[in-house]
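Remarks on the overall topology
Here's the letter readout for the chains.
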Amino acid sequence: MVSEVRYARSGDVNIAYRVAGDGPFDIVFVPGSGSHVELAWEVPFLRLWFERFASYARLIHFDKRGTGMSDAVSPATPLETRMDDVRAVMDAAGSARAAVIGVSEGGPMSALFAATYPDRAWALVLKGAMARVLRAPDYPWGDDEAESLAEIAKATAEVGNRQEELLEVAREACPSGSVEEIAAFARYLHYALTPGGAQALARMNLEIDIRDVLPAIRIPTLVLHNAGDPWVPVGNGRYLAQHIPGAQYVELPDEGHIHSAATSGRLMDEIESFLKRAWDAGAAEVSEPDRVLVTVLFTDIVGSSEHAARLGDRGWRELLQRHHEVVRGQLLRHRGVEVDTAGDGFFASFDGPARAIRCACAVADSVHELGIDVRAG
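A few points on the structure. (Residues numbered from 1 in each chain as written. Predicted model: local features only at pLDDT ≥ 70, side-chain atom pairs only at ≥ 80, totals over all residues. Heavy atoms only, no water.)

Throughout the structure, instances matching the rule amount to zero disulfides. For the unlinked cysteine C359, the closest cysteine sulfur is that of C361, found at 9.3 Å. What makes C359 buried here is its relative accessible area of 0%. Using a relative accessible area of 43% as the deciding quantity, one classes C361 as partly exposed. (Disulfide = S-S within 2.5 Å. Buried < 20%, exposed > 50% of the residue type's maximum accessible area, 1.4 Å probe, protein only.)

Our next topic: the pairing of strand β10 (residues 337–342). Here β10 pairs with strand β11 (residues 345–350) via five bridges, running antiparallel. For T341, the partnering residue across the bridge sits in β11 and is F346. Between β10 and β11, which pair antiparallel in sequence order, lie two residues; one of them, G343, sits at a positive phi of approximately 60 degrees. (Pairing = 2+ DSSP bridges. Helix = DSSP H or I, 4+ residues; strand = E, 2+ residues; numbered from the N terminus.)

Here the focus is the sheet that holds strand β12 (residues 374–376). The strand order β10-β11-β9-β12 describes an open sheet built from four strands, whose pairing is antiparallel. Edge positions in the open sheet fall to β10 and β12, since each of these has one partner strand only. Direction aside, neighbouring strands of the sheet carry axes that sit 20 degrees apart on average. Of the strands in this sheet, β9 (295–301), β11 and β12 touch helix α11 (residues 353–366), which is tilted by about 10 degrees from β9. (Axes fitted to C-alpha atoms, helices over the stretch in contact; angles between N-to-C directions. Contact = heavy atoms within 4.5 Å.)

Note on placement: T81 falls in helix α2 (residues 79–92). Between the C-alpha atom of T81 and that of R65, which follows or precedes it by 16 residues, the distance is 9.7 Å. Beyond its immediate stretch of four places on either side in the chain, T81 contacts R65 and R358.

With that settled, the discussion passes to the side chain of H225. Note that H225 resides in strand β7 (residues 221–228). Among the residues examined, H225 registers a relative accessible area of 0% and is labelled buried. Of note is the side chain of H225, whose polar atom sits 3.5 Å from the backbone oxygen of P233. When neighbours within four sequence positions are excluded, H225 is seen to be in contact with G128, A129, V232, P233, V234, N236, G237, Y249, V250, E251 and L252. (Polar contact = N/O pair within 3.5 Å; in protein donor to acceptor, adjacent residues only side chain to side chain.)

Their axes nearest at 9 Å, the elements α2 and helix α3 (residues 106–116) cross at an angle of 70 degrees. Compared by their axis directions, α2 and α3 come out roughly perpendicular. Note on element contacts: α3 touches α2 through P108, M109, L112, F113 and T116, opposite L79, E80, R82, M83, V86, R87 and M90. Across the contact of α2 with α3, the residue classes break down as eight nonpolar, one polar and three charged. (Parallel < 35°, antiparallel > 145°, perpendicular 65-115°, else oblique. Nonpolar A, V, L, I, M, F, W, Y, C, P; charged D, E, K, R; others polar.)

Turning our eyes to something else, we now look at unusual backbone geometry. The phi dihedral of S104 is positive, around 55 degrees, even though this residue is not glycine. Within the fold, S104 resides in the loop between β5 (98–103) and α3. The phi dihedral of R335 is positive, around 60 degrees, even though this residue is not glycine. Note that R335 resides in the loop between α10 (304–333) and β10.

Interaxial distance between helix α1 (residues 44–56) and helix α9 (residues 265–280) falls to 11 Å at its minimum, and their mutual angle equals 25 degrees. For the element pair α1 / α9, the angle class is roughly parallel. Crossing of α1 against α9: the hand is right-handed. Residues L48, W49, R52, F53 and Y56 of α1 form the contact with α9, whose own contacting residues are G265, L267, M268, D269, I271, E272, L275 and K276. Split into classes, the residues belonging to the contact of α1 with α9 amount to eight nonpolar, one polar and four charged. (Left-handed = near helix turned anticlockwise from the far one by under 90°.)

Strand order in the open sheet formed by eight strands is β1-β2-β4-β3-β5-β6-β7-β8, and the pairing between neighbours is mixed. Looking at the sheet topology across the chains shown, the edges are occupied by β1 (6–10) and β8 (248–255). Going across the sheet, the axis of each strand differs from the next one's by a mean of 25 degrees, ignoring polarity. As judged from the four bridges shared by strand β6 (residues 121–127) and β7, these two strands associate in the parallel manner.

Now for a nonpolar patch on the surface. Residues V292, V294, V296 and F298 make up a contiguous nonpolar surface patch of roughly 320 Å² in combined accessible area. Among the secondary structure elements, F298 is positioned in strand β9. (Patch = residues over 30% accessible without salt bridge, like charges linked within 9 Å, V, L, I, M, F, W, Y side chains within 5 Å. Areas by Shrake-Rupley, 256 points an atom, 1.4 Å probe, with all protein chains shown as cover. Salt bridge = Lys/Arg side-chain N within 4 Å of Asp/Glu carboxyl O.)

Let us look at the side chain of H259. Within the fold, H259 resides in the loop between β8 and α9. For H259, the side chain forms a polar contact with the side chain of N226, separated by 3.3 Å. Of the polar contacts made by the side chain of H259, one reaches the side chain of D254; its length is 3.1 Å. Once residues lying within four places of it in the same chain are set aside, the contact partners of H259 are F45, W49, K127, C174, N226, L252, D254, S264 and L267.

Centre-to-centre distance and the angle between the planes together describe a pair of aromatic rings. Under the definition given, this model contains 16 aromatic pairs. With 5.1 Å between their ring centres and 80 degrees between their planes, Y139 and Y239 make a pair best called edge-to-face. Taken as a pair, Y139 in the loop between β6 and α4 (145–157) and Y239 in helix α8 (residues 234–243) lie far apart in primary sequence, 100 residues in all. Y239 shares its class with Y139; the two are buried. (Phe/Tyr/Trp six-rings, centres within 6.5 Å; stacked < 30°, edge-to-face > 60°.)

What follows deals with the environment of A93. When you line up the elements, A93 lands in the loop between α2 and β5. Each C-alpha atom of the pair A93 and I301 lies 42 Å from the other, and the pair is 208 residues apart in sequence. Discounting chain neighbours no more than four positions away, the residues touching A93 are Y17, V19, R58 and I60.

Shown next as C-alpha cells:
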C-alpha cells in the first residue's frame, strides 16, 4: 500500500514524499534530475521498481527541491543543502537508518549523504551515476562546459514544442521502452520540471564534483552502470567503484540510461541480492563510524589580550560569557556541533562547508555589537 503524498520540512523548503511497503528495513530512493511522486507510479518501469523495493523493504521516495511536488528553489543552492533533503525526509518518515539508492544525478547526493551521515545510511546503491558532471583533465567522462552552457542557453531561449521534445528525450533515455511506456515517461518528465526549473537544475548540476568525498564512504556500496549509457558514459560508473573503498561494481550489458520494465529484471535482482546480503551481514546494526565527512570551524577573538587588560578580570569574564552566548546561538541556528571551547576560542563541526561558512559570517557580524572582532577558519 502506498501512502498519500506527505511533506517534510527541510530548512524553509517543503519536500514531497511517499512511503510504500513495510519490510524489515528502509530504502530511500533518490531520483535523477526530475521526478513526480504521484505520476511516478504511472510509469511502468518506475512502478515495477517501486513495487519490487516495497516487496522486501519499506520504500521512501521523494521529489528533490525544485522538482515535482516539492517547492521551487534558488539556482544557487549547493549540493550539500540539497543532500539535506534526504535527512529531512527520513526524519519525517520516522526512519533512523536506511539503505540509500541514488539514480543518475541523485547518485552524487546519495554518496555525499552516505559520507556525511554514516550513522543514518547503512548501504549505498548508485545506478547510472557520476562523481563529477563537467569534464576535467583527470576526469575525461564529464560533459564539456562550453557545450553544456550553450545547451542551457538555447533551452532558455527556445522552449518550443515541449511535448515532442520530451518524447524524444524519453526515447533516448529508455530505448527499450514500449510506446505506452515512453508516453507515460514523457508525461512524467513534463510534470517533473518546468522549463525554467529544468534550466536552473542543469546549472546547479554543473557544480557537482564529489571526487574528494568518495574515499570517506565506509558503508557497503554497489555501483551499477549500463555499458551503453549515452547520457552518463560508463567511465563514470567505473570511476565511482574504483574510488569508493570496497565498492562492488556490476556493469550491465544494456543500452540507454534507463531500463524499461521489460529489461529491469537483472537490475532489480542485483539490488535486492546486495541489500539482503548486507542486511544479513549486520550492516544495519548501529555502530560508531570510524570516519565521517565533516567541516570544522575554529574561531577566536581578535586582540583578546588587549581586551582583557583594558576590561579587567570581571569585565573580561562578562564579555566572554556574552561572546559564548552569541557563538552558541549561531551554532544552534546553523546546526553546528560544539566540540571544544578554550578561553576565547571555539571549535565546532558541521555537516557541510556552506553551513559552516554562513555560521562564521553570522558570528563575525553578531559580535560587532559587543565591540569585538573574531577570526574564523
